[in-house]
Amino acid sequence: MVQAYILIQTEVGKAHDVAVSIGKIAGVIRVDAVTGPYDVVVLAEAHTVDDLGGLIVSKVQNVTGIMRTLTCSVVNL
């Protein structure tokens, strides 16, 4: 399994709605609303990097209220 953190900037006032919607997506492990330059942080996982990319592009980024995402892959050091 591969994992990534997805840092999300939302439209003003949409963090809660975005977090709830993303929490329903298969492959999402955890969703947190946060303060700072990002509004929502997501931990997601999939079997392959390609599957993870598909999850992010076709499902997460299509959630209404998202303005921008930044994906940070988890590495095992």
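Residues numbered from 1 in each chain as written. Predicted model: local features only at pLDDT ≥ 70, side-chain atom pairs only at ≥ 80, totals over all residues. Heavy atoms only, no water.

Structural notes on the overall build of the chain
Phase 1: Helix and strand content of the chain: two helices and four strands.
Phase 2: Mapped in sequence order, the helices and strands of the chain form the string β-α-β-β-α-β.
Phase 3: For the chain, whose C-alpha radius of gyration is 12 Å, the value lies close to the compact-globule estimate of 11 Å for 77 residues.
Phase 4: Residues classed as buried in the chain amount to 29% of the 77 residues present.
Phase 5: Long-range pairs, those at least 24 residues apart, make up 69% of the contacts in the chain between residues at least 6 apart in sequence.
Phase 6: Carbon and sulfur atoms provide 54% of the accessible area of the chain, an area that totals close to 4900 Å².
Phase 7: Charge-centre separation for the chain: the mean point of 5 positive side chains lies 5 Å from the mean point of 7 negative side chains. (Helix = DSSP H or I, 4+ residues; strand = E, 2+ residues; numbered from the N terminus. Rg over C-alpha atoms; globule rule 2.2 N^0.38 Å. Buried < 20%, exposed > 50% of the residue type's maximum accessible area, 1.4 Å probe, protein only. Contact = heavy atoms within 4.5 Å. Areas by Shrake-Rupley, 256 points an atom, 1.4 Å probe, with all protein chains shown as cover. Lys, Arg positive; Asp, Glu negative; His and termini not counted. Charge placed at Lys NZ, Arg CZ, Asp CG, Glu CD.)

What about the nonpolar core?
Phase 1: Ranked by internal contacts, the top residues of the largest apolar core, which has 18 residues, are Ile8, Ile22 and Val42.
Phase 2: Mapped by element, the contributors of at least two residues to this core are β1 (2-10), α1 (15-23), β3 (40-46) and α2 (49-58).
Phase 3: With four residues, β3 is the single largest residue contributor to this core.
Phase 4: Not counting chain neighbours up to four residues away, the residues in contact with Ile22 comprise Ile8, Val28, Val31, Val42, Val60, Val63 and Ile66. (Core = buried A, V, L, I, M, F, W, Y, C linked by side-chain atoms within 4.5 Å.)

Observations regarding the sheet that holds strand β2 (residues 28-33)
Phase 1: The sheet built from four strands is open, its strands ordered β2-β3-β1-β4 with antiparallel pairing. For this open sheet the edge positions go to β2 and β4 (66-73), each flanked by a neighbour on one side alone. Adjacent strand axes in the sheet meet at a mean angle of 20°, parallel and antiparallel pairs treated alike.
Phase 2: Relative to β3, β1 runs antiparallel, the two being bridged by seven bridges. Within the sheet, the bridge partner assigned to Val2 lies in β3 and is Ala46. (Pairing = 2+ DSSP bridges. Axes fitted to C-alpha atoms, helices over the stretch in contact; angles between N-to-C directions.)

Quick notes on the side chain of Thr10
Phase 1: Mapping Thr10 onto the fold places it in strand β1.
Phase 2: The contacts of Thr10, once residues within four sequence positions are left out, are Ala15, Val18, Asp39, Val40, Gly65, Ile66 and Met67.

Quick notes on α2
Phase 1: Listed in full, the buried residues belonging to α2 are Leu52, Leu55 and Ile56. Each buried residue of α2 sits inside an arc of 95° when the element is viewed along its axis, so together they form one side. Within α2, the exposed residues directed more than 90 degrees away from the buried face are Asp50 and Val57.
Phase 2: Those residues of α2 that are buried lie in contact with β1, β3 and β4. (Arc of directions from axis to C-beta.)

Don't take any of this as a statement about function, it's just geometry.
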